[in-house]
Amino acid sequence: ARGARGVGVEYDQRFVERARQAVSDAGVGEAVEILHADALGVDLKPATKIFVYLVPAGLRLLAAKLADALRRGVPVASYTFSLPGQEPSDVLTAETRAPECRLWVYRPTR
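These notes cover the structure that comes with them. (Residues numbered from 1 in each chain as written. Predicted model: local features only at pLDDT ≥ 70, side-chain atom pairs only at ≥ 80, totals over all residues. Heavy atoms only, no water.)

### Observations regarding the nonpolar core
And step 1. Judged by nonpolar contacts, the single largest core of 14 residues is most densely connected at Ile50, Val52, Leu66, Val76, Leu83 and Tyr106.
And step 2. For this core, the elements supplying multiple residues, two or more each, are strand S3 (50-52), helix H2 (56-71) and strand S6 (102-106).
And step 3. By residue number, the principal contributor to this core is H2, which donates five residues. (Core = buried A, V, L, I, M, F, W, Y, C linked by side-chain atoms within 4.5 Å. Buried < 20%, exposed > 50% of the residue type's maximum accessible area, 1.4 Å probe, protein only. Helix = DSSP H or I, 4+ residues; strand = E, 2+ residues; numbered from the N terminus.)

As structure tokens, this is what we get:
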């Protein structure tokens, strides 16, 4: 069978419930799991793609894990803020969003 599996990690219980409801409403509950956890404690090794939406302080804390993922061949995308110490492959903006709402795309370094 083909298909993607998604795992979301959220620290704030209120947002966990909202995310789980959105997953349910979209009918993708069998393919998406939302964890109530600290992203710093989550094992990123099983990931084949990584998307992060964190403030710069959070990105700094995860920088080593994200750099390791890139070295393993895992692409990383970050919404709004760039990854510290990494050069993006692309920086994308949507015409329907404010210019500061960017998607920073990092392709593997290997």
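Moving on from the coordinates now.
### Points about the pairing of strand S2 (residues 32-36)
And step 1. Judged from the five bridges that link them, strand S1 (residues 6-10) and S2 form a sheet pairing that is parallel. Residue pairing across strands places Gly8 opposite Ile34, the latter belonging to S2.
And step 2. Between S1 and its parallel partner S2, the chain crosses via helix H1 (residues 13-26), and the hand of that crossover is right-handed. (Pairing = 2+ DSSP bridges. Right-handed = clockwise from strand over helix to strand, strands pointing away.)

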